[in-house]
Amino acid sequence: LGASFVAGFKGVKGVSKGLVKKAVATHDTVDLAACLREMGHRDDTPPTLRGRKMDDCSPYTRAREMRESGVPLFLVAGWLDGSARASINAFCHAAAVGGSRLLIGPWTHGGVQNACLGPGQRSDFSSFHKVVKVGRSKLVAEVIRFFLDLASDSPCSPERQDKAITYFTMNAPRAIPSWRTAGSWPPEGLEDRTLYFGFGDGEPEGGLSQSPPRRASELEVQAGQEGDPLKINSRYHTMIFVGDLLNYKRLTRCGHPFVDSRPLDCHLEVTGTPYVDLWIVSSHPETDIIVYLQDYDPTTGSANYVSEGVFRARHRKLYPASSGEGHYKSSIPPDIPFFHTFDKADAELLEPGKPARMVFEIMPTSYCFQRGSCIRVAFSGSDERHYLHNTEESTRIKVLCGPEHKSSIHLPARALQ
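Being a predicted model, the structure only gives us computed values, none of them experimental.

## Notes on the sheet that holds strand E2 (residues 101-105)
Hydrogen bonds between backbone atoms are what pair the strands of a sheet, whose relative direction is either parallel or antiparallel.
No. 1: With mixed pairing, four strands are arranged side by side in an open sheet as E1-E2-E5-E6. Of all the strands in the sheet, the pair left with one neighbour each is strand E1 (74-78) and strand E6 (179-182). With strand direction ignored, the average angle separating the axes of adjacent strands in the sheet is 15°.
No. 2: Taken together, the four bridges between strand E5 (residues 165-168) and E6 define a ladder with antiparallel strand orientation. Its bridge partner lying in E6, Phe-168 is registered against Trp-179.
No. 3: Those strands touched by helix H5 (residues 83-93) are E1, E2 and E5, and its axis lies near 155° from that of E1.

Right, here's the structure in full:
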């Protein structure tokens, strides 16, 4: 079974390569990259899709039918892949209640690499990638357990449902297990830890704090100022170039402005979907902003990538998660209290110079900030290497904070002993 995951399943007997080519030629294949370049809103009908919307070919619009089918799903994701958010949503909104499983590991795309993000750690190729030679891996073991459970007399027993989710917490101390289990998402015991931004030079106004700032301050971010000439083996790079090991060490050399918390007095696990609540002012009506969540070690001066979130300001119209219906509901992470439609009718450009509120997600993760480290949030107005931007290079963005503009980050967290 393990070899089949890597080498592929054996082809159908009697089917020639010529027949396969003929079959492929009859497919109405869409150039997805071209399609995405033609879209600015969720409900656009790009020429590449010939009058159809992305929703017409997206499985999340069929979440109710999938759930009602009663077919158990085995969902696999990696924290450093784009699959974690979608897999969590599928488990919560589309998977059958009994028998379904969710596995999230410290992996890049395809489970090829173990993403070792902590201080002093280096990524390496996973045992799943080496399974043909090694013959063992966490993923293969979980797949086998999934089918054995379904074949048992009680595949939906409470004991099994309490362990329906298996996830990996990156950078956990040795005394704390990295692999965890849970019966639902988000896992129990997490709470919303809100940290407010303060951009003053002195304490307590500067940095990330649990108390709202008492005076106004701002942090300036310029779109295009980083230019990102440095090659970074990012989560996106390793999706295509699977032989290049994940490496974010050069990210700190891009000159992103940032803000730090005080050193932590305990280990802090962040598991789930963080989000930011920002007030910004921009010099241009079309503005993008990127937020990087990082782990900063004040002893060594090194900062390590944890996750990131990117958002286009025109889509900032906010709705409470409780009002989401249909396919909107199935696209909302279960640990986020809001959603955006990304529809054309809700789009609104910024008014240059006027403060605007933007609330958006950071990609889900499970990471342990160890005692003595600092939580760092860095900002950028562009990342040309990974995103398509409509903004001008000279655009000036200011992140605001103060009594009237309480910019903050929300972390689903719990203290660990």
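So that's the structure; there's more coming.
## Thoughts on empty space enclosed by the protein
No. 1: In this structure the tally under the stated criterion is three cavities of 30 Å³ or more.
No. 2: By residue class, the composition of the lining of the largest cavity is five nonpolar, two polar and three charged.
No. 3: Taken as a whole, the second largest cavity spans an internal volume of roughly 50 Å³.
No. 4: For the lining of the second largest cavity, the residue count by class is six nonpolar, one polar and four charged.

## Looking at the packing of aromatic side chains
No. 1: With the rule as written, the count across this model stands at 16 aromatic pairs.
No. 2: Between the aromatic rings of Tyr-328 and Phe-339, the centroid separation amounts to 6.1 Å while the plane-to-plane angle is 35°, which identifies the pairing as tilted. You can see Tyr-328 sitting in helix H10 (residues 326-330) and its partner Phe-339 sitting in strand E16 (residues 338-339), a full eleven residues away along the chain.
No. 3: A centroid spacing of 5.0 Å and a plane angle of 70° characterise the contact between Tyr-367 and Phe-369, whose relative ring orientation is edge-to-face. Pair check on accessibility: Tyr-367 and Phe-369 agree, each one buried.
No. 4: Through pairs of rings, three or more aromatic residues link up here, namely Phe-74, Phe-146 and Phe-147.
No. 5: The ring of Phe-258 is capped by Arg-376, whose NZ or CZ atom sits 3.6 Å from the centre of that ring.

So, how was this worked out
In this numbering scheme, every chain counts its residues from 1 along its sequence in written order. Per-residue local features of the predicted model are confined to residues with pLDDT of at least 70, and side-chain atom pairs are confined, for both listing and counting, to 80 or more; whole-chain, interface and lining totals are unaffected and use all residues. Only hydrogens and water are set aside when side-chain values are computed; all heavy atoms of the structure are taken into account. Strand pairing requires that DSSP identify at least two bridges connecting the strands. Only DSSP runs of H or I with at least four residues qualify as helices, and only runs of E with at least two residues qualify as strands; both kinds are numbered from the N terminus onward. Axes, fitted as lines to C-alpha atoms, cover a helix only where it is in contact. Angles between the N-to-C directions of the axes lie from 0 to 180 degrees. A contact between two residues is defined here by any heavy atoms of the two lying within 4.5 Å. We place a 1 Å grid over just the protein atoms. Points where a 1.4 Å probe fits but has no way out form a cavity, open points with protein on both sides within 12 Å along at least 5 of 7 lines form a pocket, and any residue with an atom within 4 Å of a point lines it. Grid points are joined across faces, edges and corners, and a volume is the space filled by probe spheres set on the points. Note on residue categories: nonpolar means Ala, Val, Leu, Ile, Met, Phe, Trp, Tyr, Cys or Pro, charged means Asp, Glu, Lys or Arg, and polar means any other residue, Gly included. In this analysis, rings of Phe, Tyr and Trp, with Trp reduced to its six-membered ring, are considered paired at centre separations within 6.5 Å, and the interplanar angle assigns stacked below 30 degrees, edge-to-face beyond 60, and tilted for intermediate values. Each residue is placed in one exposure class: buried if its accessible area under a 1.4 Å probe, protein chains only, is under 20% of its type's maximum, exposed if it is over 50%, and partly exposed if it falls in between. Placement of a positive charge over a ring is assigned whenever Lys NZ or Arg CZ falls within 6 Å of the ring centre and within 35 degrees of the normal to the ring plane.

As far as function goes, none of this settles anything; it's purely spatial.
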